[in-house]
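Topology and contacts: notes
Below are the chains, spelled out letter by letter.
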Amino acid sequence: MDDPPVTGGFMGLETALRALQSQQAGIDVTSHNVANANTPGFSRQSAELVATRALDVVGAAGQIGTGVTVTRYQRARDAFLDVQYRLQDARLHQARVTQDTLDQVETILNEPSASGISSLLDRFFDSWATLADNPSDLTARAAVVQQAASMAAALNGAASALTVLQGQLDSSVNLRVTEVNDLAKQIASLNQQIVQTEIFGQAANDLRDRRDLVIDRLSGLAHVTTTEAASGSVDIFIGAHALVSGINTDPLATTPTGPGGSFEVRFSSDNSLATIASGELRGLLDARDVNLPSYLSRLNAIGSSLITTVNQVHAAGYGTDGNTGRDFFVGTDAATIAVNPVLVADPRLVAAADAPAQPGNNAVALAVAQLHETLSPSPEDAYAALVTSLGIDGRSSRDLADNQQLMVNLLSQRRQSVSGVSLDQEAVDLTRYQRAYQAAARVITALDEMLDKLINDTGIVGR
Amino acid sequence: MRVTERMMTDTVLQNISANLARMQAAQNEVSSGQRIRRPSDDPVDLAQALGYQSAIARADRYVNTIDTATAWLNATDAALGSTTDLLVNARQLAVQGANDTLSSDQRAVLAKQVDQILEQLVSTANSSFQGQRLFAGLKTDVDPFALTAGPPTTVTYNGDSGSMGREIQTGTVVDINTQGNAVFPAGFNALIGLRESLLADDVSGIRANGLTALDSAMSDVAEAQTEVGARVNRFQAVRDQQDQLRQSLTVLKGKLTDTDYAQAITNFSAQETVYQASLAAAARTLQGSLFDFLR
């Protein structure tokens, strides 16, 4: 308050003008909100109205107000909720990948079903028992070979489908990393625009909304932490390593250096392994490196135990040609198990007897049929255990994903509650600003009439 | 809490799709007849059901084994039955031959008949079931007994003493073949001795070979036949057991994996009602805002 200001006749007009402008701004903001009511990531904005500097009135006690102005446009946003949401959303994405993968494994193993591996194992041993009942019967031998071949084919199919799934997860890792890099670039570019805008004191609300949306998507892929600098620029970290700092990015790269040539996710700058705590990428990496290998190795263990034990008994036996020492299965695990082609070509060579030239001898057939009792665990039990743990894993991954979904829904609602556009509220705001605008216009009319009186009807004596 | 239109549409959509998913699951259970369609539906019950399934397959297998084995035992029983008949016939001839009033010509005729019985006995001892010789041990593809050239004085055995094990329940392997070498030679020798005694007009020899030796041979056969009968009975008992086991396991497995229709349909109707209600609620909440009332 340097000089005692003087109130003039035009001051009221100035005040009314500022009122018109400010209410107009309010309506503009309302219009922007309504327009973006369905825009993803949009945060409700509001014009912050502040009374302009009051004037000291000369010779009178107190001040006279000078009206209103818009100091800034505010964005309704709760940064704490963003952090919460992103953390839980990353976990949700991870849980969904695990759930999807286990779902697919369940589909591959196809249990319970009459054509699943479990039934085929039962039928395999049953065919040996039938051969033991009729050791001289050629059809029983052919049936043993056929049942063994279908069981081997089912094991091959399951093992190769799991391997294919693993390969798909691996290529998904690659795709998602590309997406992460793309999002990181977008964030860096938005950082630049925001800093440039805000350097002049303007809040870059819509740019910030866009950046928050991109960070949401990024953290769904890989959990990130953020720090905002005073300039408005945001740095993004995966683990402790920066992915975006200011306008620069350190893109991730996939290198085929993992087990079996699978992709590892590393930072380009220093080739250090990215420590991804959660998110879709974590889910993909875990599914590929932990979940699937565990099922695959258990399936392979069942396959190799079948091969070793059946071969051991069979090789000691004699086929109807009187020869001994033949393996029943070839291969080493579930992926490679197959019936010895020699036996497929001539089932008479299947050994049912433990001595030559004894068509009634079923000792070997009986011993193979009894493997499900003598082995511990039996192949059926080992497979049932595999299916059970798959079921338990699948169940808990589904429960986890569902819980996580509820959590994310809740946080999303809270974010919406803070940032979302309420049409009712906008209707009230619109009415409020419109009325104030009308009133300010009326003030101008009143002042105009007063000035008209003063200018045109005052001091006209002798004119 | 401040509520926006978006929150309401989101919630409505989430709830409707959750209800739809639940309704679909209920519908799936009704239409498939399966309560467990994938392991994660109920891993604990599925583990049990898989165990039952294997046990059912095993019980099935034992029932099949017992049926095949019983057919073999019945064939053995029939062969031993005709053996007894033949020996009884031979004994009647021996009784006739032991009569002091018989001439040597008449005894020679009887001796011929004994020879025929001997041939029949050899052929009975060589009888087979589904191409497998019953009394040859494990060499089931060749006739175990052969007469030396006529008039035969010995019968040679070409089989072995192997036994045919059958698993009739877990861990229980029972032999099903009767050792021909232990049952038949006594009969063969008695018949050959009888024939020789008849030809030699040796009445005391006829008594010794014909009556005493045949009686002892018959009791060997009867013993073997009793044993076969006992095994058939035992197999039948085990079969009944396995059959019952199979039935009760099937019921248990069904309880675990099959749809309980009363419950499933009630559940489905309940889900359907909930779904309809959520649709109705959505239709009413999603319309309108303050703008509809401002003029």
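What you are looking at is a predicted structure, and each value in this text was computed from that prediction instead of being measured.

**Side note on the overall build of chain A**
- Each helix and strand in chain A was counted, giving 11 helices and 12 strands.
- Judged by the C-alpha coordinates and their principal axes, chain A covers about 150 × 45 × 35 Å.
- In chain A, which comprises 463 residues, the share counted as buried stands at 41%.
- A separation threshold of at least 6 residues defines the contact pool for chain A, and within that pool the share at least 24 residues apart is 70%.

**Thoughts on the domain arrangement of chain A**
Residues and elements named next belong to chain A.
- For chain A, the domain assignment lists domain 1 (11-76 + 420-456) and domain 2 (84-223 + 275-408).
- Relative to domain 2, the C-alpha centre of domain 1 lies at a distance of 67 Å.
- Contacts between domain 1 and domain 2 engage 8 residues on the former and 7 residues on the latter.
- In terms of residue count, the dominant contributor to the side of domain 1 that touches domain 2 is strand β4 (residues 68-75) (3 residues).
- Grouping the amino acids of the side of domain 1 that touches domain 2 by side-chain chemistry returns 3 nonpolar, 3 polar and 2 charged.

**Comments concerning the interface of chain B and chain A**
- The interface of chain B with chain A comprises 43 residues on the first partner and 44 residues on the second.
- Secondary-structure elements contributing two or more residues to the side of chain B that touches chain A are α1 (5-32), α2 (43-97) and β5 (165-169) of chain B.
- Of all the elements, α2(B) adds the most residues to the side of chain B that touches chain A, at 13 residues.
- Across the side of chain B that touches chain A, the residue classes tally to 17 nonpolar, 17 polar and 9 charged.

**Re the packing of helix α2 (residues 79-109) of chain A against helix α5 (residues 205-221) of chain A**
All names here are of chain A.
- Two numbers describe how α2 lies on α5: the axes approach to 8 Å, and their chain directions differ by 35 degrees. Classified by chirality, the crossing of α5 by α2 is right-handed. Residues D82, R86, D89, A90 and H93 of α2 lie in contact with α5, whose contacting residues are D212, I215, D216, S219 and G220.
- Taken together, the residues of the contact of α2 with α5 sort by class into 2 nonpolar, 3 polar and 5 charged.

What counts and what doesn't
- Residues numbered from 1 in each chain as written.
- Chains lettered and ligands numbered in written order.
- Predicted model: local features only at pLDDT ≥ 70, side-chain atom pairs only at ≥ 80, totals over all residues.
- Helix = DSSP H or I, 4+ residues; strand = E, 2+ residues; numbered from the N terminus.
- Buried ≥ 20, exposed ≤ 12 C-beta atoms within 10 Å, placed from the backbone.
- Contact = placed C-beta atoms within 7 Å.
- Domains from an automatic or database assignment.
- Nonpolar A, V, L, I, M, F, W, Y, C, P; charged D, E, K, R; others polar.
- Axes fitted to C-alpha atoms, helices over the stretch in contact; angles between N-to-C directions.
- Left-handed = near helix turned anticlockwise from the far one by under 90°.

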